[in-house]
Amino acid sequence: FVANTETSGSFKSTNTINVNVTATDTNLDKIVIRLFNSTLSQIRTNQSTTSPFNITYSGLSDGLYYFNSTANDTANNQNNTETRNVTVDTTTPLIQITYPQNTTYNVNVSALNYTVSDMNLQACWYSLNGGVTNVTITCGNNVTTLTSNEGSNTWRVYVNDSFGNYNYSSVTFFKDTIIPTIQFVSPTETSGSLLNRSNVYVNVSANDTNLVNVTIYLYNSTYSLINSTA
């Protein structure tokens, strides 16, 4: 084997394997290159009567492959190379955040849960809102004891495999743990007052960064709800 031949034990992110062989003999007959799959079944064989002999196997499926080469002369003297192995992995790793989800939480979101899969996982890491970046984690282990920000959060988790295939999953969620303030203000009726008219004034002031609505409820003497206005 000479330059451009794949190194034994190497990983390929393309579906090709390159083999380059030289053989020297006064009466060289042929060089044969053989390619085997992971079960050592021969799937390709090619031969040449000249040296060097360079071939690129393409269109290979993901998996483990072995290859070797044999040279013989016209007197049938024979020699062979060692057998090398190469793993082809063109598949992008799969990763998906399962918690938090794209929604609003009224508690601190302190965990980052995800699923990840690939035949040759190498590394996983995460980032929080662009501030906490590139924190390395063991692939498959969820992250705990985190602190989410009040308001909008964008969390990401990343993965790559031994061949440089890369992927990530991202989620944006909203956190609001602040309780709104609310109070009656003028000219709301004074509690316990007696009125000689057929109406009741109610005026409410509420404050919150993410205020959605204010609802006023009116009950009769038996505490039956007779009106609600939002």
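Provided above is the structure to which this section pertains.
Residues numbered from 1 in each chain as written. Predicted model: local features only at pLDDT ≥ 70, side-chain atom pairs only at ≥ 80, totals over all residues. Heavy atoms only, no water.

Give me the lowdown on a nonpolar patch on the surface, citing residues and values where you can.
A cluster of nonpolar residues, Phe184, Leu195, Val200 and Val202, forms a patch on the protein surface that exposes about 370 Å² of accessible area. Mapped onto the elements of the fold, Leu195 is located in the loop between strand 16 (181–184) and strand 17 (204–207). (Patch = residues over 30% accessible without salt bridge, like charges linked within 9 Å, V, L, I, M, F, W, Y side chains within 5 Å. Areas by Shrake-Rupley, 256 points an atom, 1.4 Å probe, with all protein chains shown as cover. Salt bridge = Lys/Arg side-chain N within 4 Å of Asp/Glu carboxyl O. Helix = DSSP H or I, 4+ residues; strand = E, 2+ residues; numbered from the N terminus.)

Describe the pairing of strand 15 (residues 166–175), and please don't skip the residues or the numbers.
Relative to strand 15, strand 10 (residues 104–105) runs parallel, the two sharing two bridges. By the bridge assignment, Tyr105 is partnered in strand 15 with Lys175. Direction of pairing for strand 14 (residues 151–161) relative to strand 15: antiparallel, over a ladder of ten bridges. Looking at the pairing, Tyr158 lines up with Tyr168 of strand 15. In textbook terms, the turn of a hairpin is the stretch between consecutive antiparallel strands, and for strand 14 and strand 15 this stretch comprises four residues, one of which, Gly164, has a positive phi near 90°. (Pairing = 2+ DSSP bridges.)

Provide a residue-level description of the environment of Gly140, including the pertinent values.
Within the secondary structure, Gly140 sits in the loop between strand 13 (132–137) and strand 14. The class for Gly140 is partly exposed, based on a relative accessible area of 43%. Sequence separation between Gly140 and Asn113 is 27 residues, and the spatial gap between their C-alpha atoms is 8.9 Å. Those residues in contact with Gly140 that sit more than four places away from it in its chain are Tyr114 and Val116. (Buried < 20%, exposed > 50% of the residue type's maximum accessible area, 1.4 Å probe, protein only. Contact = heavy atoms within 4.5 Å.)

Account for the pairing of strand 8 (residues 84–88), with residues named and values stated.
Among the five residues of strand 8, four are classified as buried, and the element is accordingly described as predominantly covered. Taken together, the three bridges between strand 1 (residues 10–12) and strand 8 define a ladder with parallel strand orientation. Its bridge partner lying in strand 8, Ser10 is registered against Val86.

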